[in-house]
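Coordinate inspection notes
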Amino acid sequence: MTIDFHTHCFPDKIAASTLEKLSAASHTRPFTDGTQQGLRASMEKAGLSLSVVLPVATAPRQVEHINDSAAAINQETGETGLLSFGCMHPDYENWQDELARIKSLGLRGIKLHPVYQGVDLDDPCYVRILSRAGELGLVVVTHAGLDVGFPGVVRCSPEMVRNALAQAGPVTLVLAHMGGWRCWDQVLALLPDVQPKAGQASGLYIDTSFSLGSMTPLDDGHYRPEDLPLLDGPGFMKLVKAFGPHRVLFGSDSPWSGQQETLEWILSQPLEESEKQAILGDNAQKLLGLGPG
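Residues numbered from 1 in each chain as written. Predicted model: local features only at pLDDT ≥ 70, side-chain atom pairs only at ≥ 80, totals over all residues. Heavy atoms only, no water.

In this section: the pattern of salt bridges. By the definition in use, this model includes seven salt bridges. The partner of arginine 155 in a salt bridge is aspartate 120, and the shortest N-O contact between them spans 3.1 Å. Placement of arginine 155 in the loop between strand 6 (139-142) and helix 8 (158-167) and of aspartate 120 in the loop between helix 6 (114-117) and helix 7 (124-136) is noted, with a sequence separation of 35 residues between them. A relative accessible area of 28% places arginine 155 in the partly exposed class. Glutamate 135 serves as the salt-bridge partner of arginine 132, at 2.9 Å between the closest nitrogen and oxygen. With arginine 132 and glutamate 135 both in helix 7 and three residues apart, this pair spans about one turn of that helix. Relative accessible area serves as the criterion here: at 58%, glutamate 135 is assigned to the exposed category. (Salt bridge = Lys/Arg side-chain N within 4 Å of Asp/Glu carboxyl O. Helix = DSSP H or I, 4+ residues; strand = E, 2+ residues; numbered from the N terminus. Buried < 20%, exposed > 50% of the residue type's maximum accessible area, 1.4 Å probe, protein only.)

Whether parallel or antiparallel, the strands of a sheet pair through hydrogen bonds between backbone atoms. The strand order across the open sheet built from three strands is 1-2-3, with neighbouring strands paired in parallel fashion. With partners counted over all chains shown, the strands left at the sheet margins are strand 1 (3-7) and strand 3 (82-84), one partner each. Across the sheet, the mean angle from the axis of one strand to that of its neighbour is 25 degrees, orientation sign disregarded. Relative to strand 2 (residues 50-53), strand 1 runs parallel, the two being bridged by three bridges. Bridge pairing in strand 2 links aspartate 4 to serine 51. Set on the sheet, helix 12 (residues 273-288) makes contact with strand 1, strand 2 and strand 3; between it and strand 1 the angle comes to about 70 degrees. (Pairing = 2+ DSSP bridges. Axes fitted to C-alpha atoms, helices over the stretch in contact; angles between N-to-C directions. Contact = heavy atoms within 4.5 Å.)

With that out of the way, let us pick up the layout of surface pockets. When its volume is computed, the largest pocket comes out at roughly 1,200 Å³. Lining the largest pocket we find 41 residues, and of these Phe10, Thr18, Leu22, Val56 and Tyr116 sit closest to its centre. For the lining of the largest pocket, the secondary structure elements donating two or more residues are helix 1 (12-26) and helix 3 (63-74). The greatest single-element share of the lining of the largest pocket, amounting to eight residues, is contributed by helix 1. (1 Å grid on protein atoms, 1.4 Å probe; cavity = no way out; pocket = protein on both sides within 12 Å on 5 of 7 lines; lining within 4 Å. Points joined across faces, edges and corners; volume = space filled by probe spheres on them.)

With that settled, the discussion passes to the packing of aromatic side chains. Scanning all chains against the criterion turns up four aromatic pairs. Judged by centre distance (5.3 Å) and plane angle (85 degrees), the ring pair of phenylalanine 236 and tryptophan 265 falls under edge-to-face. Here phenylalanine 236 is found in helix 10 (residues 233-243), whereas its partner tryptophan 265 is found in helix 11 (residues 259-267), with 29 residues between them in sequence. Grouping residues by exposure puts phenylalanine 236 and tryptophan 265 together as buried. Over the ring of phenylalanine 31 we find arginine 29, and its NZ or CZ is 4.7 Å from the ring centre. (Phe/Tyr/Trp six-rings, centres within 6.5 Å; stacked < 30°, edge-to-face > 60°. Lys NZ or Arg CZ within 6 Å of the ring centre and 35° of its normal.)

This part is about the environment of proline 90. As for its position among the elements, proline 90 is in the loop between strand 4 (86-87) and helix 5 (95-104). Discounting chain neighbours no more than four positions away, the residues touching proline 90 are Gln117, Val119, Cys125, Tyr126, Arg128 and Ile129.

Let us look at the packing of helix 2 (residues 36-46) against helix 11. Interaxial distance between helix 2 and helix 11 falls to 8 Å at its minimum, and their mutual angle equals 35 degrees. Contact with helix 2, carried on its side by Leu39, Ser42, Met43, Lys45 and Ala46, involves Gln259, Gln260 and Leu263 of helix 11 and no other residues of that element. Counted by class, the contact of helix 2 with helix 11 contains four nonpolar, three polar and one charged residues. (Nonpolar A, V, L, I, M, F, W, Y, C, P; charged D, E, K, R; others polar.)

Our next topic: the pairing of strand 7 (residues 172-175). Each regular strand displays side chains that alternate between the two surfaces of the sheet. Here strand 7 shows a buried face lined by Thr172 and Val174 and a second buried face lined by Leu173 and Leu175. Bridge analysis of strand 6 against strand 7 gives three bridges, and the strand direction is parallel. Bridged to valine 140 within strand 7 is leucine 173. This β-α-β element, strand 6 to helix 8 to strand 7, shows right-handed connectivity. Of the pairings in the sheet, the one linking strand 7 to strand 8 (residues 203-207) comprises four bridges and is parallel in character. Its bridge partner being in strand 8, leucine 173 is matched across the sheet by leucine 204. (Right-handed = clockwise from strand over helix to strand, strands pointing away.)

Structure below.
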């Protein structure tokens, strides 16, 4: 089973306007139209079994509606191959009750985005969410590092990750963008030794989303050629070796990277077959409770 652990899609009525806004901010080209149908077509082209959809609440008032929509998506997972996480906002007042409701809805985890939500990951508002999510057995995925649409803004640095985990209870935390977008030297220096706490089903993982090869820019002249490269093969393999392939998850960040292109890039790397299987599906199956055990 090949699983993309990091994707996005939007309701049909706002998908076009949302992609236009985000594309203009990031000066990058989307690979789908941002709809569920577009994501499913991308999955079929790439031969993927499942895509994890990661919604983001940019305001507290959105939280409950987004989580209801996520639960509705998951009612059709068997047909669509889309499995949505829930969301949480650090300023949402009833965060404890809503996290419990997320669990009761059968959602496997939540997505946080410190940049879009305007709070550092090691702020007490996030630390309490991490702790409670861990108690409930919810996986937490967070944007990490810089953000292509917010130049120079870091709300989830490797140092903040260490600080947050030192304060939070045991939790399974997935750092998007290979641990911290364009902060990869710091990721290598500070994060590989962060291990699960003894006797707890917790741990720190990284996903490959929007981090491999190079960005695909709009034809607007915004980027210089030297701005476009992301991780090359040796840089990727260095991070995989540091964390271990058992803590790396295939993620594309669709629609901002192509699923097929990301998959083919990973398959081209000098990984053992068992390592490829772990990154492309086995690790995700374990985190999602789908097996292997």
